[in-house]
Amino acid sequence: MPTSSTNELNSKGVSQKQALFEAIKQKDFASFPIFDRGIECMPRNQLRELQLKKLQDQVAYTYKNVAYYRDLMDKSGVSPADIKTLDDVRKLPFTDKTALRDTYPYGLFAVNMDEIIEIHASSGTTGKPIVVGYTREDMQVWSDCIARLVQMAGVVPGDIAQMAFGYGMFTGGFGLHYGLQKLGCAMIPAGSGNTERHINMINDYGTTVLIATPSYAMHICEVGEKMGFDWEKSSLRIGLFGGEPCPPALKAEIESRMHIVCTDNYGLTEVMGPGVSGECLANRFQQHIAEDHFLWEVVDPQTGEPVSEGEEGELVLTPLDKRGIPVLRYRTHDLTRVTCEECECGRTHARMDKVRSRCDDMLIIRGTNVFPSQIEDVLAGIEEVTPHYHIIVETVNGMDSLTVETEVRPDKMTDSFEKMDAMRRRIAEKLKGTLLVGVNVRLVEPGGIERTMGKAKHIDDLRNA
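Fair warning: this is a prediction, and the values are worked out from it, not measured in the lab.

Points about the overall build of the protein
Part 1 of the argument: Within the protein one finds twelve helices and 21 strands.
Part 2 of the argument: The C-alpha radius of gyration of the protein comes to 23 Å, within 12% of the 23 Å expected for a compact globule of 465 residues.
Part 3 of the argument: Seen through its C-alpha atoms, the protein measures out along the principal axes to roughly 75 × 60 × 40 Å.
Part 4 of the argument: Split into buried and exposed, the 465 residues of the protein put 54% on the buried side.
Part 5 of the argument: Restricting the contact set of the protein to residue pairs at least 6 apart, pairs at least 24 apart contribute 68%.

Structure, rendered in structure tokens:
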């Protein structure tokens, strides 16, 4: 059965916040509760046996109930009986967004609609939306995965959690809502927008956990500072971030200014939603994968062949318990590394590096591959600028042109043109040294980069506009 702790982390108010900070500082991970110790700390040989049994059952279930996969497997000459080891998953065909769009809306569903109790969908900004359905059993798995990751972040029963994700077809808001309630938290379904109201709620309701995109959390922080709100004395203790990558510099700034612990979680609509993995406070740049529910692979994005453990590649996921819409070997296009080494927190499930780039977000500038994460890393090492940035790619005189807008910190602004231009040129040189391509740098005044309630838009590629 899932367990919870009644130790000092359950104390309330600022003392609870200080207890969390001190436990992390002292690496006292034994004081953190584990939601389902029997599963999360299972010996790896037993975990692999469990995965194989689930994989075999899931492949047989999918073959029987989803005509799309049955036809694909028949054409590939593979049957459920061929899955005898975990490595045999590679005999199965890959799945990507195209399959879900080609079968829109219910072509991949494995059950009748009277067994579906909830439907979600992606935004569909680049084509037909991705539609997924959840059975009652799927919802139980989803809330279980969320309950695990929020406990991993230091959330405990009795916490008051404030939702700053929008509710709707997006999976993020509902997934976190269900899991936090399963753990025993009180939910404030505030939704997105009306930032001053969010701050007043934190103050009035004693909110201890904030769920938001990192960019919106930063916006809440800045608005609160302008209102004179004292974040250090607030009840807020933990930020649960998702919906977009959180660069290390942005996370550090939010933690410093809001006096909270920020954690990331990972997931995608196609395989469930948030809850695939969650940040471990013992390894802040890695996230434990819920391996009893997801079989992971890391493959070469070009060849689809597996890479060695610890080597970067594209994450491929096969959910092991999905009833409503089973998916086999889903190519996420997210780049990461995975390790199965022991973790200080006591959990045995594999850890993946936080996703900071994708196979399909690479920019090719005059023949050179450029990733936004490279630009983030350079800007993070420059003390004069904030973590906020904007990339513009356009064609000038028949050539690719890359412009990076970066926001100057208030205490670094000056009326001296010479000093500001020297800063701009120094940033441009640092970027060129990393990217190996010339960059136009545009300095923006504090607050000049647009803040958003949802995913931050960092790139405008105008070459085909």
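From this point, things continue past the structure.
Observations concerning the pairing of strand β8 (residues 273-280)
Part 1 of the argument: Summarising burial for β8: eight of the eight residues are buried, a large majority.
Part 2 of the argument: Here four bridges tie strand β7 (residues 261-268) to β8, and the two strands are oriented antiparallel to one another. Paired with Leu-268 across the strands is Gly-273, a residue of β8.
Part 3 of the argument: The turn linking β7 back onto β8 is made up of four residues.

Remarks on the packing of aromatic side chains
Part 1 of the argument: Counting across every chain of the model gives nine aromatic pairs.
Part 2 of the argument: Seen in terms of ring centroids, Phe-29 and Phe-32 are 6.3 Å apart; in terms of plane orientation they differ by 35 degrees. Their pairing is tilted. In terms of burial, Phe-29 and Phe-32 fall into one category: buried.
Part 3 of the argument: Look at Tyr-68 and Tyr-69: their rings are 5.4 Å apart centre to centre, the planes differ by 85 degrees, and that puts the pair in the edge-to-face class.
Part 4 of the argument: Classification of Tyr-69 by relative accessible area gives buried; the value is 0%.

Examining the pattern of salt bridges
Part 1 of the argument: Summed over all chains, the structure comprises 32 salt bridges.
Part 2 of the argument: The closest approach of N and O atoms between Glu-376 and Arg-356, which form a salt bridge, is 2.8 Å. Taken together, the residues Glu-376 in helix α11 (residues 372-380) and Arg-356 in the loop between β14 (351-353) and β15 (357-358) connect sequence positions 20 residues apart.
Part 3 of the argument: Owing to a relative accessible area of 10%, Glu-376 belongs among the buried residues under this scheme.
Part 4 of the argument: Connected through salt bridges with shared partners, the residues Lys-251, Glu-255, Asp-264, Glu-279, Arg-284 and Lys-354 form a single ionic network.

Brief notes about the packing of helix α6 (residues 136-152) against helix α7 (residues 171-183)
Part 1 of the argument: Direction vectors running N to C along α6 and α7 enclose 75 degrees, while the axes themselves pass 7 Å from each other. In this view, α6 runs roughly perpendicular relative to α7, as classed from their interaxial angle. Between α6, through Met-139, Gln-140, Trp-142, Ser-143, Asp-144, Ile-146, Ala-147, Val-150 and Gln-151, and α7, the contact on the second element is made entirely by Thr-171, Gly-175, Leu-176, Tyr-178, Gly-179, Leu-180, Lys-182 and Leu-183.
Part 2 of the argument: Of the residues contributing to the contact of α6 with α7, the split by class is nine nonpolar, six polar and two charged.

Rules used throughout
- Residues numbered from 1 in each chain as written.
- Predicted model: local features only at pLDDT ≥ 70, side-chain atom pairs only at ≥ 80, totals over all residues.
- Heavy atoms only, no water.
- Helix = DSSP H or I, 4+ residues; strand = E, 2+ residues; numbered from the N terminus.
- Rg over C-alpha atoms; globule rule 2.2 N^0.38 Å.
- Buried < 20%, exposed > 50% of the residue type's maximum accessible area, 1.4 Å probe, protein only.
- Contact = heavy atoms within 4.5 Å.
- Pairing = 2+ DSSP bridges.
- Phe/Tyr/Trp six-rings, centres within 6.5 Å; stacked < 30°, edge-to-face > 60°.
- Salt bridge = Lys/Arg side-chain N within 4 Å of Asp/Glu carboxyl O.
- Axes fitted to C-alpha atoms, helices over the stretch in contact; angles between N-to-C directions.
- Parallel < 35°, antiparallel > 145°, perpendicular 65-115°, else oblique.
- Nonpolar A, V, L, I, M, F, W, Y, C, P; charged D, E, K, R; others polar.

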